[in-house]
Amino acid sequence: VRRIYPPSEVARELAVPAARARDGFRVLTCIANDSAGPALVAMARALGGDDADVIALHLANDDTDAGAVLAPALSRASELGVSARPLAFASGDPADDIVRIADARDVDVVLLGTYGGVAAAVFARAPATIAAVDLAAALADPPTHVLVPVDGSSDGDAALAVASRMQRASGIEITVVDVAATRAARRSIERCEQSGGKLVVESAPTVTAARAAAFDLVVVGASQRALLPPDTRSLVVRGPREAR
Amino acid sequence: MSAQVGAVLRMLRTDAGVTLGDLARAIGVSPAYLSRVEHGHDAVPTPDRLVAIARVLDLPPLVLLEIAQGAGTALASYLERVPEARSLFVEMARRELGAAEIGRIKAFMDRSLPAREARRARLADVLSPRHVIVRAMCQDVGDVIALAASRLSDDEPARDVAARVLEREELAPSFIGRGVIAPHAITGSGASRAALVVAGRGIRAKPPDGVAVRVGVVLLAPRADKHHLELLAHVARLAGRGLADALCDARTAEQALERLAALDVS
């Protein structure tokens, strides 16, 4: 007897796709406009490598077509071989919704397009690691050489952790500038090396514009941001916090 | 049609905690027949059987009749039982009463002839503008649930709310037809809450009736009780009245709530 519609088939068809086990390194990229998307996806690729699982989020407060805003990000993701899913909805309070979606989707990193007002509000509240890309449009490809100022602060350590994560995921080269020359800063660098980080270590009181320009990107802790010369292509990082 | 009705019956039965065998026995049919109905491989049950199912599940029979056979059948069954009502309708038609006049009749009825049973659970009672998400772009049911959880979570992390609803959804998908899905979970505490997610384009899903899913109603209930079941049945009823079509191009949460209210008369 031929079974017309076997139960296994029913189960397969009714299965919920997103209910599969959580895998990969999940990055919530918050895309404000169509030109911001590709750089954020490139950064997510650097962070997650082949395992990057990108959520391309657009929160609209007007009649903008979310599909059109997210299209460049999604096509960049497919060029880079990254799995990316679009997500959009109307939001009157984007910072609040970003924090809530990061929680609901249990993301590893929140990536923001600029270090502006929304970013400041998200930095203040989200429990996940957060990174904001400054001058994002300048960065079309995933970075390969990054500079990390380290001063022994927790934000500096978070920046170093994010750079190490990129090294493990995509083999980037990391140059660390010890800007504090303190025992705490040396310990931060040693800890990173002990856990497998390959670092070129320099020492300098600050990051000059010329030095920054020699790298694709400067990964910097939120509290050290003032160290950077203006117009530095940077990734501003805040480490994970206890949940609200 | 039968696939969608079957899926709703199955969801309501599961949520009522009644097994297939128990329901079949209670209404005097074979479990095999009932299973075929639930999977849409047999015709929608007759009104008599639907009324019997409603009794077992402790749901208002008219609600189940409307879900299964449309408002027309539910009304027809009433007119058959109370022929006097028929002449009243004829009289109303003769006077060409419009919405305003019917509103006055309704007000009189509410004053002088209150409903015998307690007021039934309604979606609008457990929904606030903050929990209505419009112009959503979602890939699948998981996204719908995550969006809803992100707004519904106040005491509990959103990821836990989402996981709970997803777990229930995996057990038995909550497609209730006509482009609506109603993922839900029992939370064990707090009040009943709902979130409404309106997706402009359809999400990736395989509803039994083949109508692209554009609206998700996510329900959190403290207990799997009569109120919860009535709420689910109410949402299924709204779906049948065209909830997805009414909401799909709502621009704001307030607009979506207005359209919901317009569907939610009677």
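Up top you'll find the structure we're talking about.
Asker: Could you give an account of a nonpolar patch on the surface, naming the residues involved and the relevant values?
Answerer: Residue and element names in this part refer to chain B. There is a patch of nonpolar side chains on the surface, built from Ile102, Ile105, Phe108, Met109 and Leu113 and spanning about 440 Å² of accessible area. Here isoleucine 102 is to be found in helix α7 (residues 99-112). Of the residues examined, isoleucine 102 reaches a relative accessible area of 38% and is grouped as partly exposed.

Asker: Outline the interface of chain B and chain A, supporting the account with residue identities and numerical values.
Answerer: Contact residues are listed per partner, giving 33 residues for chain B and 29 residues for chain A. The contact between chain B and chain A buries some 2,600 Å² in all, and 54% of this surface belongs to carbon and sulfur atoms. Summed over the three residues of chain B that lose the most area to chain A, namely Arg135(B), Met137(B) and Arg159(B), the buried surface amounts to 24% of that side. Connecting chain B to chain A are nine salt bridges. Across the pair Asp143(B) and Arg105(A) runs a salt bridge, and its minimum N-O distance is 2.3 Å. The interface formed by chain B and chain A contains 15 residue pairs in polar contact (both at pLDDT 80 or more). For the side of chain B that touches chain A, the secondary-structure elements that each account for two or more residues are β1 (132-136), α8 (141-152) and α9 (158-171) of chain B.

Asker: Tell me about the nonpolar core, and please be specific about residues and values.
Answerer: If you look at the biggest cluster of nonpolar residues, it comprises 57 residues, and the most contacted ones within it are Leu28(A), Ile98(A), Val110(A), Leu112(A), Val122(A) and Leu147(B). With seven residues, α8(B) is the single largest residue contributor to this core. Every residue in contact with Val110(A), bar those within four places of it in the chain, is listed here: Leu28(A), Cys30(A), Ile98(A), Ala102(A), Val122(A), Ala128(A), Thr129(A), Ile130(A) and Ala131(A). With 56 residues, the next largest nonpolar core counts Leu12(B), Val126(B), Val180(B) and Leu229(B) among its residues.

Asker: Could you give an account of the pairing of strand β1 (residues 25-30) of chain A, naming the residues involved and the relevant values?
Answerer: Sheet faces and side chains relate simply in a regular strand, where the side chains alternate between the two faces. Residue and element names in this part refer to chain A. Burial analysis of β1 places six of its six residues in the buried class, the great majority of the element. Of the two faces of β1, the one holding Phe25, Val27 and Thr29 and the one holding Arg26, Leu28 and Cys30 are both buried throughout. Handedness of the β1-helix α2 (residues 37-48)-strand β2 (residues 52-60) crossover: right-handed. By the bridge criterion, four bridges tie β1 to strand β4 (residues 109-112) in an arrangement that is parallel. Its bridge partner lying in β4, threonine 29 is registered against leucine 111.

Asker: Summarise helix α6 (residues 154-170) of chain A; cite the residues concerned and give the values.
Answerer: Residues and elements named next belong to chain A. Taking 1.5 Å per residue as the helical rise, α6 with its 17 residues ought to reach 24 Å, and the 24 Å between its terminal C-alpha atoms agrees with that figure. If you check which residues of α6 are buried, you get Asp155, Gly156, Ala158, Ala159, Leu160, Val162, Ala163, Ser164, Met166 and Gln167. Just downstream of α6 lies glycine 171, where phi reads positive at about 65°.

Asker: Tell me about the packing of α2(A) against α6(A), residues and numbers included.
Answerer: Residue and element names in this part refer to chain A. Interaxial distance between α2 and α6 falls to 6 Å at its minimum, and their mutual angle equals 80°. One finds that α2 runs roughly perpendicular with respect to α6. Contact residues: Met43, Arg45, Ala46, Leu47 and Gly48 in α2; Val162, Arg165, Met166, Ala169 and Ser170 in α6. Taken together, the residues of the contact of α2 with α6 break down into six nonpolar, two polar and two charged.

Each value, and the rule that gives it
- Residues numbered from 1 in each chain as written.
- Chains lettered and ligands numbered in written order.
- Predicted model: local features only at pLDDT ≥ 70, side-chain atom pairs only at ≥ 80, totals over all residues.
- Heavy atoms only, no water.
- Patch = residues over 30% accessible without salt bridge, like charges linked within 9 Å, V, L, I, M, F, W, Y side chains within 5 Å.
- Areas by Shrake-Rupley, 256 points an atom, 1.4 Å probe, with all protein chains shown as cover.
- Salt bridge = Lys/Arg side-chain N within 4 Å of Asp/Glu carboxyl O.
- Helix = DSSP H or I, 4+ residues; strand = E, 2+ residues; numbered from the N terminus.
- Buried < 20%, exposed > 50% of the residue type's maximum accessible area, 1.4 Å probe, protein only.
- Contact = heavy atoms within 4.5 Å.
- Buried area = accessible area lost by both parts, 1.4 Å probe.
- Polar contact = N/O pair within 3.5 Å; in protein donor to acceptor, adjacent residues only side chain to side chain.
- Core = buried A, V, L, I, M, F, W, Y, C linked by side-chain atoms within 4.5 Å.
- Right-handed = clockwise from strand over helix to strand, strands pointing away.
- Pairing = 2+ DSSP bridges.
- Expected span 1.5 Å × (residues − 1).
- Axes fitted to C-alpha atoms, helices over the stretch in contact; angles between N-to-C directions.
- Parallel < 35°, antiparallel > 145°, perpendicular 65-115°, else oblique.
- Nonpolar A, V, L, I, M, F, W, Y, C, P; charged D, E, K, R; others polar.

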